[in-house]
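In case you want the letters, here they are:
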Number of protein chains: 2
Amino acid sequence: MTKELFNKIENYMKSCVKETAHDREHIYRVLGNCLKIAEKESNVDYDILLSAALLHDIGRDGKKKKHNETGAEMAREYLRTIDFPVEKIESVCDAVFTHSNESYGQQKTLEAKILYDADKLDAVGIMGISRSLIGIGNYNNPMYVVNDGKIDMDENCETDTFVRYYVRRVAKNYDRFFTKTAQEIADKQKTIDNEFFGSLVNLVNDNCAKLRTIDDILSDN
Amino acid sequence: MTKELFNKIENYMKSCVKETAHDREHIYRVLGNCLKIAEKESNVDYDILLSAALLHDIGRDGKKKKHNETGAEMAREYLRTIDFPVEKIESVCDAVFTHSNESYGQQKTLEAKILYDADKLDAVGIMGISRSLIGIGNYNNPMYVVNDGKIDMDENCETDTFVRYYVRRVAKNYDRFFTKTAQEIADKQKTIDNEFFGSLVNLVNDNCAKLRTIDDILSDN
C-alpha cells in the first residue's frame, strides 16, 4: 500500500471515530499491536491488515449496536470510492466484521485473526482496566455496587458496573487469543491487571468492614 | 449522634449525590477513611466528623463549580431543619467548605483535617486512578494525547486528559496529608499507583515507536 492511500484511509477513520474508549488513540494502539503480531507471522497481507485495523471501529455510533456489521458496510462503501485493490475489499470487510467479541471463532483469514488479537490486547491489562473505567464514565454507571456488606462480583449483577464488566469481559479475554505473540504480550499484562483489580476489591471490602464499626459510635437513641 | 439522626443525614446525602466519580460509594469510602484516621486521634467530635463526611459533596452539580461553597450552604440550611446540635453546625459547614483542594491549609479543626485527608485518600492510589479515568469518561475527554511521537506528560497540556490530571493532581496529593495515619495508608498505595501509571506511559510510547516502523511497509508511490 502507498503512503498516500494509507493516509487517505487514516483520515477517513479520524472523521468517523468519536467515543473516548474507542477513539483514534485506540485505533493507533490496535494498529501498533497488529504490527507487533504480524512481524512474527508469515505471508501477512498488509493492505488488508492495515486497512482493517484503521477501519475496524468506524461503525461505532456510541450505542454499541452491531458496530462490526455497520463498520463492515461502511468500509465496503468507502473502499470502493478510493484507489484500493478491489479484490481485497471483501477480506478487509470480513476482518472488520469479525473483530468483535461476538464473532469469536468466525475469523476466516490470518489478517482477521491478527486484528482480533490486536483489538483484544487493548482490552486486557492496563488498557483493559483503563478503558473499562472510561466506559463506566461515558455511560455514567457506578464502579461497583455493594450487597450484604461486600462488593458485588457477580457477572450477572443487575447493575452495569466496572466490576461486572471486568469479571464478564476483561478477565476472560486472556483465554481467547489466536496468535502466540498476542498471548505472550497479554500474559505479561496479567500480573499488574490482577494486582490492580484485586487491590480495588480488597480496598472496597475493607472499607465495608470499617463502616460496620460505626455502630459502636452511634447511640441507639 | 443517634442512629436515627445519622440515617436521616445519610438519606439526605443520597438524594443529593449523582456524579459517578463522586457518587454515594465515594462518600462511603471517605466515611470509612474518616473512621480509620479518627481512631488514631484524640478528642474527635464524631457528630461533626460523620455529618461533614456524609455531606461534603452534596454541592456538586456536575459542573465542578465551587462545590465546597455550595455544599457548605446546603449543609447549613439542611442541618437547621433537623434535630442536629445547633452549636456544631458551623464546624460541619467549615469542614465541608475546606475539604476541597483549593482550600488546602484553611482547615480550622481536627475534624476538617481528617475529612480533607479522608477525601484525598480516595484521590490517590487505585481509587485516584480509577476515579480520574471515570471522570475522563464523564466528560468525554481523551486518556492522553500524543505529541511528537510521545505521550504528552505536560501538566499544562492544552487538552484535559487523564495523564494531565494524574500529573497535575493525583501524583501531588501524596505530599498534602495532615495526619500520620492518612500518610501511611497513602504511601502503601503509591507502589501500585506508580506501577500502573508508569506502565501505561511505557505502553503508549512503545506503541508510538512501533507505529513509526509502518514507513518500512508502505511504499512511496
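Residues numbered from 1 in each chain as written. Chains lettered and ligands numbered in written order. Predicted model: local features only at pLDDT ≥ 70, side-chain atom pairs only at ≥ 80, totals over all residues. Heavy atoms only, no water.

**Student:** What's the story with the pattern of salt bridges in this structure? I'm lost.
**Tutor:** Pairs may arise between side chains of opposite charge once their charged atoms sit close together. For the coordinates displayed, the defined rule picks out 30 salt bridges over all chains. Between Glu155 of chain A and Lys172 of chain A there is a salt bridge; the shortest N-O distance is 3.0 Å. Of the two residues, Glu155 of chain A is situated in the loop between strand E2 (150-151) and helix H8 (162-173) and Lys172 of chain A in helix H8; the sequence distance between them amounts to 17 residues. Among the ionic pairs, Glu102 of chain B bridges to Arg169 of chain B, the shortest N-O distance being 3.2 Å. Placement of Glu102 of chain B in the loop between helix H5 (89-97) and helix H6 (110-121) and of Arg169 of chain B in helix H8 (residues 162-173) is noted, with a sequence separation of 67 residues between them. For Arg169 of chain B, a relative accessible area of 26% gives the class partly exposed. Put simply, Arg29, Asp122 and Arg131 of chain A are held in one network by salt bridges that share partners. (Salt bridge = Lys/Arg side-chain N within 4 Å of Asp/Glu carboxyl O. Helix = DSSP H or I, 4+ residues; strand = E, 2+ residues; numbered from the N terminus. Buried < 20%, exposed > 50% of the residue type's maximum accessible area, 1.4 Å probe, protein only.)

**Student:** So what exactly am I meant to see when it comes to the environment of Ala123 of chain A here?
**Tutor:** Residue and element names in this part refer to chain A. By the element assignment, Ala123 lies in the loop between helix H6 (110-121) and helix H7 (125-138). Classification of Ala123 as buried rests on a relative accessible area of 17%. Once the C-alpha coordinates of Ala123 and Thr191 are considered, the two residues, 68 residues apart in sequence, prove to be 15 Å apart. Once you skip the residues sitting within four places of it in the chain, Ala123 turns out to touch Gly128, Arg131, Val170 and Asn173. (Contact = heavy atoms within 4.5 Å.)

**Student:** Mind showing me how you'd approach H6 of chain B here?
**Tutor:** Residue and element names in this part refer to chain B. When the terminal C-alpha atoms of H6 are compared, their 16 Å separation across 12 residues agrees well with the 16 Å that a helix rising 1.5 Å per residue should span. Buried residues dominate H6, accounting for 10 of its 12 residues. For H6, the secondary structure elements touched by its buried residues are helix H2 (24-38), helix H3 (46-55), H5, H8 and helix H9 (180-212). (Expected span 1.5 Å × (residues − 1).)

**Student:** How do you make sense of the relation of the copies chain A and chain B when you look at a structure like this?
**Tutor:** In this arrangement, two copies of a chain are superimposed by a rotation about an axis accompanied by a shift along the axis. In the superposition of chain A on chain B (RMSD 0.0 Å, axial shift 0.0 Å), the rotation amounts to 180°. On the angle and the small slide along the axis, the relation comes out as a two-fold axis. Taking C-alpha positions as the reference, the residue of chain A nearest the rotation axis is Gly137 of chain A, at 2.0 Å. Mapped onto chain B, 100% of the interface residues of chain A are again interface residues, and the two copies thus contact each other with one and the same surface. (Least-squares fit on C-alpha atoms with pLDDT ≥ 70 in both.)

**Student:** Hey, could you run me through the environment of Met153 of chain B in this one?
**Tutor:** All names here are of chain B. With respect to the helices, strands and loops of the structure, Met153 is situated in the loop between strand E2 (150-151) and H8. As a C-alpha pair, Met153 and Arg168 span 15 residues in sequence and 9.6 Å in three-dimensional space. Look past the residues within four positions of Met153 in its chain and what remains in contact with it is Val163, Val167, Phe197 and Val201.

**Student:** Would you mind showing me how to read the interface of chain A and chain B here?
**Tutor:** The parts lose accessible area when they come together, and the size of an interface is often stated as this lost area. Residue-level contacts link 53 residues of chain A with 53 residues of chain B. Surface buried jointly by chain A and chain B totals about 4,900 Å² across both partners, of which 68% is contributed by carbon and sulfur atoms. On the surface where chain A and chain B come into contact, there are 6 salt bridges. Of the charged contacts, one joins Asp220 of chain A and Lys3 of chain B as a salt bridge, the two residues approaching to 3.0 Å between their closest N and O atoms. At the junction of chain A with chain B, the criterion picks out 18 residue pairs in polar contact (both at pLDDT 80 or more). (Buried area = accessible area lost by both parts, 1.4 Å probe. Polar contact = N/O pair within 3.5 Å; in protein donor to acceptor, adjacent residues only side chain to side chain.)

**Student:** Sorry, what's going on with the packing of aromatic side chains here?
**Tutor:** How two aromatic rings sit relative to each other is given by the distance of their centres and the angle of their planes. Residues and elements named next belong to chain A. Tallied over the entire structure, the rule returns 15 aromatic pairs over all chains. Look at Tyr104 and Tyr116: their rings are 5.4 Å apart centre to centre, the planes differ by 50°, and that puts the pair in the tilted class. With Tyr104 in the loop between helix H5 (89-97) and H6 and Tyr116 in helix H6, this pair connects stretches of sequence that are 12 residues apart. The partly exposed category is assigned to Tyr104, whose relative accessible area is 32%. According to the relative accessible area criterion, Tyr116 is buried, its value standing at 0%. (Phe/Tyr/Trp six-rings, centres within 6.5 Å; stacked < 30°, edge-to-face > 60°.)

Such coordinate-based values are descriptive only and should not be taken to indicate function.
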